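So you can see what is in the structure, the chains are spelled out below.
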Amino acid sequence: MSDDARQERAATAAAVRTSLKAFAAAHPGRLVEVRVPPWGAVQVGVPGAASVHRRGTPPNVVETDAATWLALVGGSLTWADAVAAHRVRASGIHADLGPLLG
């Protein structure tokens with residue numbers, strides 16, 4: 001791997017981890033697990049819903065790649081467009097992050 005590729009990978013990892021941490025801080029709770037492999041995962045809350053996410057393969061899981069996640073939190077991609085393009089996998093009745101990302 002070239003130095004440029006290593007630097008780009010490190011920058012992507014840092015951006016994903018930082019944005020996941022900020023997203024979790026803005027939406028405290030443990031209802032939905034948001035995963036951006038291999039860089040990280042956080043649990044977030046959803047306004048008006050009270051429940052707790054359990055580890056394993058429960059409902060209320062959102063998973064996507066780093067580029068999609070960064071586009072979502074950066075505002076250059078809407079939740080609806082990401083879902084329509086199959087760029088996210090979302091399961092569970094509370095896994096719609098559109099209201100939290102808008």
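Everything discussed here concerns the structure shown above.
Predicted, not measured: the structure shown is a model, and the values here were computed from it.

**Examining the overall build of the chain**
Tallying secondary structure elements over the chain gives 4 helices and 4 strands in all. Traced from its N-terminal end to its C-terminal end, the chain shows the element sequence α-β-β-β-α-α-β-α. Put simply, 47% of the contacts in the chain that link residues at least 6 apart link residues at least 24 apart. Here the chain displays about 6,000 Å² of accessible surface, and carbon together with sulfur accounts for 55% of that area.

**Comments concerning the pairing of strand β3 (residues 61-64)**
Along any regular strand, the residues point their side chains to alternate faces of the sheet. Alternating residues of β3 divide into Val61 and Glu63 and Val62 and Thr64, and every residue in both groups is buried. Taken together, the 3 bridges between strand β1 (residues 32-36) and β3 define a ladder with parallel strand orientation. Across the sheet, residue Glu33 finds its bridge partner in β3, namely Val61.

**Considerations on the packing of aromatic side chains**
Counted by the stated rule, this structure contains 1 aromatic pair. Each ring, one from Phe23 and one from Trp69, has its centre 5.3 Å from the other, and the planes form 85 degrees; the classification is edge-to-face. Placement of Phe23 in helix α1 (residues 3-26) and of Trp69 in helix α2 (residues 66-74) is noted, with a sequence separation of 46 residues between them. Of the two residues, Phe23 and Trp69, neither departs from the other in class, the shared state being buried.

**Brief notes about the sheet that holds β1**
Adjacent strands of a sheet pair through backbone hydrogen bonds, lying either parallel or antiparallel. Strand order in this open sheet of 4 strands is β2-β1-β3-β4, and the pairing throughout is mixed. Here the strands that pair on one side only, and so sit at the sheet edges, are β2 (40-44) and β4 (88-91). In this sheet, adjacent strand axes meet at a mean angle of 15 degrees when their direction is disregarded. Seen against the sheet, α1 touches β1 and β2 and runs at an angle of roughly 10 degrees to β2.

Scoring rules and cut-offs
- Residues numbered from 1 in each chain as written.
- Predicted model: local features only at pLDDT ≥ 70, side-chain atom pairs only at ≥ 80, totals over all residues.
- Heavy atoms only, no water.
- Helix = DSSP H or I, 4+ residues; strand = E, 2+ residues; numbered from the N terminus.
- Contact = heavy atoms within 4.5 Å.
- Areas by Shrake-Rupley, 256 points an atom, 1.4 Å probe, with all protein chains shown as cover.
- Buried < 20%, exposed > 50% of the residue type's maximum accessible area, 1.4 Å probe, protein only.
- Pairing = 2+ DSSP bridges.
- Phe/Tyr/Trp six-rings, centres within 6.5 Å; stacked < 30°, edge-to-face > 60°.
- Axes fitted to C-alpha atoms, helices over the stretch in contact; angles between N-to-C directions.

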